[in-house]
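Letter by letter, the chains look like this.
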Amino acid sequence: MKWIYAFANAQGGVLEIGKNDKGKVIGLQNIEKLLEDIPNKINNLMGIIADINSAKENGMDFIIIKVSPYPNPISYHGKFYYRSGSTTKN
């Protein structure tokens, strides 16, 4: 969730779940449940809507979350996170 907050507080961004740090798809279990739970959690905690979709590569599923920049800073448990380059700052 910190990454999603950080993207919303910066210029937006894309988070891919089900890939390792080198970008290789490792797949996900219960993708249908995640596709229901993740948007609800983001909306309930942040009050924003992110674009969340499933994708498939080499027969394995992963999730792509596209976060748009938010016009006002959003805090996560009282802290403000910001995505800069490949790091998340608070």
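All of these numbers come straight from a predicted model, not from anything done at the bench.

## Re the packing of aromatic side chains
Right, so step 1: Going through the model one piece at a time under the given rule, you end up with two aromatic pairs.
Right, so step 2: Here the aromatic residues Tyr5, Tyr76 and Tyr81 are joined through ring pairs into a cluster of three or more.
Right, so step 3: Its guanidinium or amino end placed over the ring of Trp3, Arg83 lies 5.7 Å from that ring's centre, counting from NZ or CZ.

## Let's talk about the pairing of strand E3 (residues 60-67)
The side chains of a regular strand alternate, first on one face of the sheet and then on the other.
Right, so step 1: Bridge analysis of strand E1 (residues 13-17) against E3 gives five bridges, and the strand direction is antiparallel. Bridge assignment links Ile17 to a residue of E3, and that residue is Ile63.
Right, so step 2: Two elements, strand E2 (residues 51-57) and E3, share seven bridges in a ladder whose sense is antiparallel. In the sheet register, Ser54 faces E3, and the bridge partner there is Ile63.

## Quick look at helix H2 (residues 31-46)
Right, so step 1: Over its 16 residues, H2 extends 22 Å from the first C-alpha to the last, a length consistent with the 22 Å expected when each residue adds 1.5 Å.
Right, so step 2: Among all positions of H2, only Ile31, Ile38, Ile42 and Met46 are buried. Taken around the axis of H2, the buried residues stretch over an arc of 25°, which confines them to a single face. The outward face of H2, more than 90 degrees from its buried face, is lined by the exposed residues Glu32, Lys33, Glu36 and Asn44.
Right, so step 3: The inward-facing, buried residues of H2 contact helix H1 (2-9), E1, E2 and E3.
Right, so step 4: Immediately beyond the C-terminal end of H2, within one or two residues, lies Gly47, with a positive phi of roughly 75°.

Rules of the game
- Residues numbered from 1 in each chain as written.
- Predicted model: local features only at pLDDT ≥ 70, side-chain atom pairs only at ≥ 80, totals over all residues.
- Heavy atoms only, no water.
- Phe/Tyr/Trp six-rings, centres within 6.5 Å; stacked < 30°, edge-to-face > 60°.
- Lys NZ or Arg CZ within 6 Å of the ring centre and 35° of its normal.
- Pairing = 2+ DSSP bridges.
- Helix = DSSP H or I, 4+ residues; strand = E, 2+ residues; numbered from the N terminus.
- Expected span 1.5 Å × (residues − 1).
- Buried < 20%, exposed > 50% of the residue type's maximum accessible area, 1.4 Å probe, protein only.
- Arc of directions from axis to C-beta.
- Contact = heavy atoms within 4.5 Å.

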